[in-house]
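Fold and contact review
Here is what each chain is made of, one letter per residue.
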Amino acid sequence: MKIDAVTIFPEYFAPTQLSLLGKAQDKGLIDLQIHDLRSFTSDNHNTVDDTPYGGGAGMVMLPEIWGEALDPLLISDADLIILTPAGRRFSQAMAADFSKREHLVFACGRYEGIDDRVRQFYSQPQFANSGVRVHEVSIGDYVLGGGEVAALVMIEAITRLIPGVLGNPESLAEESHNSDGYLEYPNFTKPQEWRGFGVPEILLSGNHGEIAKWRELQAQKRAKKNI
Ligand code: JAH
């Protein structure tokens, strides 16, 4: 999978060199490129924003600069993901869908966001016909300083679903009944007693059928409590 992210803060993406995602790049499973939006400016001050038409608080990111950055990335089959608190809520099902795509392009806005004509422009039929799909996505109902952290969340959730990225595919299979509504069961490891707290007897019984039933019940209780 090819992943591009466009941002005025490339340093936000330093964690992508760590852990699973870092190794997936070493293995050639993922080609991740971070692009500095300011490198596409041509004025002396490297301006990326201006005041909003119609007035109001804050600044809006300039469409020309975004066009210069995105044009070379959106020439064929690609999903353009614009991070915005007004977008469609990101979910495990969306992560699974995106994990099957060839090319993801993350547009990380700052300030009050990106001039809406950027979304409009790349949503036109000539882009759709060349395989470009535009998505406005939100990771949750809160406002961040910009799209970078949201893009990191999405990149992590998506890339760990790509075959070969996760070391142990069993933990993926066990999780799968997780995205259809049930949260996971509580986990325990050594020592068998810690600060006066023991481990549920059933988990020490060796009865795998009963253990599975108990875990399912615990997962349901937990899900209900956390609604
Ligand atoms: C904030 C551009 N749902 C998370 C999220 C995603 C993006 C933004 N905020 C929250 C954001 C400012 C400018 C994007």
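Just above, that's the structure.
Given the structure is predicted, the values throughout are model-derived calculations rather than measurements.

Section: the environment of Asp116
Residue position: Asp116 is located in the loop between β6 (103–107) and α4 (117–122). The exposure class assigned to Asp116 is partly exposed, which follows from its relative accessible area of 34%. Residues Asp116 and Arg222 lie 106 residues apart in sequence; the distance between their C-alpha atoms is 41 Å. Within the structure, Asp116 has its side chain in polar contact with the side chain of Gln120 (distance 3.0 Å).

Remarks on helix α6 (residues 148–159)
Between its first and last C-alpha atoms α6 spans 16 Å; for 12 residues at 1.5 Å apiece the expected length is 16 Å, and the two agree. Within α6, 9 of the 12 residues are buried, which leaves it mostly tucked inside the rest of the structure. Along α6, the residues that are buried comprise Glu148, Ala150, Ala151, Leu152, Met154, Ile155, Ala157, Ile158 and Thr159. Elements in contact with the buried residues of α6: β1 (2–7), α1 (19–26), β5 (78–89), α3 (92–98), β6 and β7 (132–138).

Concerning the sheet that holds β7
Spatially, 5 strands are ordered β2-β1-β6-β5-β7 in an open sheet, and the strand pairing comes out parallel. Two strands in the sheet have a free side with no partner beyond their single neighbour: β2 (31–36) and β7. Going across the sheet, the axis of each strand differs from the next one's by a mean of 25 degrees, ignoring polarity. Judged from the 6 bridges that link them, β1 and β2 form a sheet pairing that is parallel. Residue pairing in the sheet places Asp4 in a bridge with Gln33 of β2.

Reading guide: rules and limits
The numbering scheme is per chain: residues are counted from 1 as the chain's sequence reads. In keeping with the model being predicted, local features are shown solely for residues with a pLDDT of at least 70 and side-chain atom pairs are shown and tallied solely at 80 or more, while totals for entire chains, interfaces and linings include all residues. Values shown for side chains rest on all heavy atoms present in the structure; no hydrogens or waters enter the calculation. Runs of E in the DSSP output that reach at least two residues are strands. Runs of H or I that reach at least four are helices, and both are numbered from the N terminus. Note on exposure labels: buried denotes an accessible area under 20% of the residue type's maximum, exposed denotes more than 50%, and partly exposed covers the range between, all computed with a 1.4 Å probe on protein chains only. In protein, a polar contact means a hydrogen-donor-capable atom and an acceptor-capable atom, both N or O and within 3.5 Å, with residues adjacent in sequence counting only if both atoms are side-chain atoms; elsewhere, any N or O pair within 3.5 Å suffices. Take the residue count of a helix, subtract one, and multiply by 1.5 Å to get its expected span. Any pair of residues with heavy atoms lying within 4.5 Å of one another is described as a contacting pair. Pairing between strands is defined by DSSP: at least two bridges between them are needed. Here, axes are lines fitted to C-alpha atoms. For helices the fit covers the stretch in contact, and angles between N-to-C directions go from 0 to 180 degrees.

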